[in-house]
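One letter stands for each residue in the lines below.
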Amino acid sequence: MCTKEAVFSIIVPCYNVEQYVVSCVEKLQRQSYQGMEIILIDDGSTDRTYDLCLEMKETYQNVIAIIHEDKSGEERRNLGQEATRNLGLEIASGQWVCFVDADDTIEEHTLEGAKYVFEREPDLDFILMGFSMVYDSGHDDVDILSDLEEGIYSSGEIAEAF
């Protein structure tokens, strides 16, 4: 398994995202920092997501595919993002965890930048990053961090900002 050398565990919950999941994984594979495992968790999809997750596992050595299964033997059902992410956390072997939704993408140097910050500030619990929404009609910046200057904050200071 690829987990021995993983510094980042990237957890990707997948539910009926056949049109996005391959592109998401391909873009993650283009990260400038490659010390990662990608954990794809199909959450009872009814489209081709399940098959595509398995294909990505076969294509890339650093991809782990997990399928939610109902232990009672009943038909698989969607358990939701929280349960899916928690399942990913249970098997993550990286030093740091990153959540990426299957219909999202991250910039090419995101992991490299995060690794740099964590190494310089080893007491950090997490990094909060801004994001942009991209619609068929174009690109729209969403400034969720407008009340915070770049810096290190306590959880209380972050909660106050939101």
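If you're wondering where the values come from, they're calculated on a predicted model, not measured in any experiment.

**Remarks on the packing of aromatic side chains**
Tallied over the entire structure, the rule returns three aromatic pairs. Ring centres of phenylalanine 8 and tryptophan 96 lie 5.3 Å apart, and the angle between their planes is 50 degrees; this geometry places the pair in the tilted category. One end of the pair, phenylalanine 8, is in strand E1 (residues 8-14); the other, tryptophan 96, is in strand E4 (residues 96-99), with 88 residues separating them in the sequence. Taking relative accessible area as the criterion, tryptophan 96 reaches 14% and is therefore assigned buried. Centroid distance tryptophan 96 to phenylalanine 118: 4.8 Å. Interplanar angle 15 degrees. Geometry classified as stacked. Placement of the pair is tryptophan 96 in strand E4 and phenylalanine 118 in helix H4 (residues 110-120), with a sequence separation of 22 residues. With a relative accessible area of 10%, phenylalanine 118 lands in the buried category.

**With respect to a nonpolar patch on the surface**
On the surface, Leu89, Val97 and Phe99 cluster together to form a nonpolar patch covering roughly 230 Å² of accessible area. Checked against the element boundaries, valine 97 lands in strand E4.

Conventions used here
Residues numbered from 1 in each chain as written. Predicted model: local features only at pLDDT ≥ 70, side-chain atom pairs only at ≥ 80, totals over all residues. Heavy atoms only, no water. Phe/Tyr/Trp six-rings, centres within 6.5 Å; stacked < 30°, edge-to-face > 60°. Helix = DSSP H or I, 4+ residues; strand = E, 2+ residues; numbered from the N terminus. Buried < 20%, exposed > 50% of the residue type's maximum accessible area, 1.4 Å probe, protein only. Patch = residues over 30% accessible without salt bridge, like charges linked within 9 Å, V, L, I, M, F, W, Y side chains within 5 Å. Areas by Shrake-Rupley, 256 points an atom, 1.4 Å probe, with all protein chains shown as cover. Salt bridge = Lys/Arg side-chain N within 4 Å of Asp/Glu carboxyl O.

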